[in-house]
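Chain by chain, the residues:
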Amino acid sequence: MATSVPPVATECLAADAAGIARAASFLKAGRLVAFPTETVYGLGGDATQGAAVAAIYAAKGRPQFNPLISHVADFTAARKLGQFNALACRLADAFWPGPLTLVVPRAPDCPVSELASAGLDSIAIRIPAHPVALDLLRTVGCPLAAPSANPSGGVSPTTAAHVLGDLDGVIAAVIDGGATVVGLESTVVSCLEDRPRLLRPGGTSRRAIEEVLGMALDTPDEADSTAPHSPGQLASHYAPHASLRMNATTIVPGEAVLLFGRERPAGLERAAMVMNLSETGDLIEAAANLFSHLRRIDATRPGAIAVAPVPDHDLGEAINDRLRRAAAPR
Ligand code: TXA
Ligand code: MG
């Protein structure tokens, strides 16, 4: 991620056909474009390209890989990403396009990068109610992963000027669609259990949702007083079946090994299986590969997984955070 190339100024694109076409070509090339939605400006990247998703986390300076929302233009596109039960369909029907995000099981052939859903079996999906966002989604033709377009811990941007104030030189472009109308993020509802659960209050009121459902929404706090308060945190620990150890410099015979870069731990020839997060030591590539590599290794049911040292700077901090959780005793 460290680069000697000086940052290029972020383009501010008009919300017309030419601006949207240029934004779409940046996105297809794996670059990042901020765009207006009815809630806040999103920091968009092609959700199917792991490296683009990793670049989103890098641009936000996120200390952790929180799962991201995949934005689509219509329900047909949504169904390719996730599985909608009857209640999820009812909510989608009532509130989409609009400031509601639904967390549903990933579809079997879901093309979205595992990194975007932080290695979970579920995915957050939303159809935004903004003509520019919808136009962009139709033009680019792929789901866009998009958290709010501000550095982690900062205030969500509601104008293109806010976005440029925070991310000028960091992303390829921002589409200027004026001030957003809702001004706060979408409501996040999980449809993974029998009773839908409110994960994050936002632009669609609880009351409106409960009216459509004809039942009260569950909330993490009611369901489990020990649940973490920060939304998403709750379910975001991907843990392999096999035990995992970090910073491995010597391999125990029979271990499956996850390498980083060109360093080779002693005893590697006795490994049951070897994969590399990034042969060239690129932390963005490593982040993009993290969850899918862990899943592929875990699927071979190794006795244990040994992970070579990953540097702790830039996205390495988030990679090591996830590895530490996966390594924690269960
Ligand atoms: O209004 C919005 O929702 C904006 C605009 C750009 O669409 N986007 C946004 O994204 O706020 P972000 O990444 O800041 O928030 C996504 C929320 C987080 O609270 C995250 O934990 C939750 O959705 N989330 C995403 N995937 C999830 C999953 N599989 N399970 C549980 N929570 C999930
Ligand atoms: Mg945010």
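The structure presented is a predicted model; accordingly, all values stated were derived computationally and were not measured.

Draft legend 1. Layout of the environment of Leu120. Inspection of the secondary structure puts Leu120 in the loop between β5 (100–105) and β6 (122–126). With 27 residues separating them in the primary sequence, Leu120 and Pro147 have C-alpha atoms 17 Å apart.

Draft legend 2. View of the packing of helix α9 (residues 283–299) against helix α10 (residues 315–327). Between α9 and α10, the shortest axis-to-axis distance is 9 Å and the interhelical angle comes to 20°. With respect to their mutual orientation, α9 and α10 come out roughly parallel. α9 and α10 meet at a crossing whose hand is left-handed. Across from Leu283, Ile284, Ala286, Ala287, Leu290, Phe291 and Leu294 in α9, the residues of α10 making contact are Leu315, Gly316, Ile319, Arg322 and Leu323.

Draft legend 3. Expanded view of a nonpolar patch on the surface. Together, Val181, Val182 and Leu184 make up a nonpolar patch on the protein surface, roughly 260 Å² of accessible area in all. Residue placement: Val182 occurs in the loop between β8 (173–176) and β9 (187–190). Residue class for Val182 comes out partly exposed when judged on its relative accessible area of 31%.

Draft legend 4. Quick peek at the site of ligand 1. Taken together, 24 residues lie near ligand 1, and Thr39, His71, Ser122, Ser186 and Arg200 sit nearest. His71 is positioned such that a nitrogen or oxygen atom in its side chain is 2.7 Å from an oxygen atom of ligand 1. Contacts to ligand 1 include Arg126, whose side-chain N or O atom sits 3.0 Å from an oxygen atom. Alone, ligand 1 offers 680 Å² of accessible surface; in the complex the protein occludes 95% of this. Considering each element in turn, the shell around ligand 1 owes the most residues, four residues, to β6. In terms of residue class, the shell around ligand 1 is made up of 13 nonpolar, seven polar and four charged.

Draft legend 5. Representation of the pattern of salt bridges in the model. All chains considered together, the criterion is met by eleven salt bridges. Residue Arg126 pairs with Glu38 through a salt bridge whose shortest N-O separation is 2.9 Å. Here Glu38 lies in the loop between β2 (33–36) and β3 (41–46) and Arg126 lies in strand β6, a separation of 88 residues in the sequence. The pair Arg126 / Glu38 is uniform in exposure class, with both members buried. For Glu210, the salt bridge is made with Arg206, and the minimal N-O distance between the two is 3.0 Å. One end of the pair, Glu210, and the other, Arg206, are both in helix α7 (residues 206–213), four residues apart, so they sit about a helical turn from each other.

Draft legend 6. Just the sheet that holds strand β11 (residues 243–245), in detail. The strand order across the open sheet built from four strands is β11-β14-β12-β13, with neighbouring strands paired in parallel fashion. Two strands bound the open sheet, and with one partner strand each, they are β11 and β13 (273–276). Averaged over all neighbouring strand pairs, the angle between strand axes comes to 20°, with direction disregarded. Alignment of strand β12 (residues 256–259) against β13, held across four bridges, turns out to be parallel.

Draft legend 7. Molecular detail of the side chain of Glu255. Its location among the elements puts Glu255 in the loop between β11 and β12. In terms of polar contacts, Glu255 uses its side chain to reach the side chain of Arg245, at 2.8 Å. Among the polar contacts made by the side chain of Glu255, one reaches the main-chain amide nitrogen of Val252 at a distance of 2.9 Å. With residues near it in sequence (within four places) discarded, Glu255 still touches Arg245, Thr250, Ala271, Ala272, Met273, Ala304 and Ala306.

Draft legend 8. View of the packing of helix α4 (residues 86–95) against α7. Relative orientation of the contacting elements α4 and α7 amounts to 125°, with a least axis distance of 10 Å. Taken together, the axes of α4 and α7 lie oblique to each other. Along this stretch, α4 crosses α7, giving a crossing that reads as right-handed. Contacts between α4 and α7 pair Leu87, Arg90, Leu91, Ala94 and Phe95 from the former with Ala208, Ile209, Val212 and Leu213 from the latter. Considering only residue class, the contact of α4 with α7 consists of eight nonpolar, no polar and one charged.

Calculation notes
- Residues numbered from 1 in each chain as written.
- Chains lettered and ligands numbered in written order.
- Predicted model: local features only at pLDDT ≥ 70, side-chain atom pairs only at ≥ 80, totals over all residues.
- Heavy atoms only, no water.
- Helix = DSSP H or I, 4+ residues; strand = E, 2+ residues; numbered from the N terminus.
- Axes fitted to C-alpha atoms, helices over the stretch in contact; angles between N-to-C directions.
- Parallel < 35°, antiparallel > 145°, perpendicular 65-115°, else oblique.
- Left-handed = near helix turned anticlockwise from the far one by under 90°.
- Contact = heavy atoms within 4.5 Å.
- Patch = residues over 30% accessible without salt bridge, like charges linked within 9 Å, V, L, I, M, F, W, Y side chains within 5 Å.
- Areas by Shrake-Rupley, 256 points an atom, 1.4 Å probe, with all protein chains shown as cover.
- Salt bridge = Lys/Arg side-chain N within 4 Å of Asp/Glu carboxyl O.
- Buried < 20%, exposed > 50% of the residue type's maximum accessible area, 1.4 Å probe, protein only.
- Near = heavy atom within 4 Å.
- Polar contact = N/O pair within 3.5 Å; in protein donor to acceptor, adjacent residues only side chain to side chain.
- Nonpolar A, V, L, I, M, F, W, Y, C, P; charged D, E, K, R; others polar.
- Pairing = 2+ DSSP bridges.

Read these as geometric descriptors, not functional statements.
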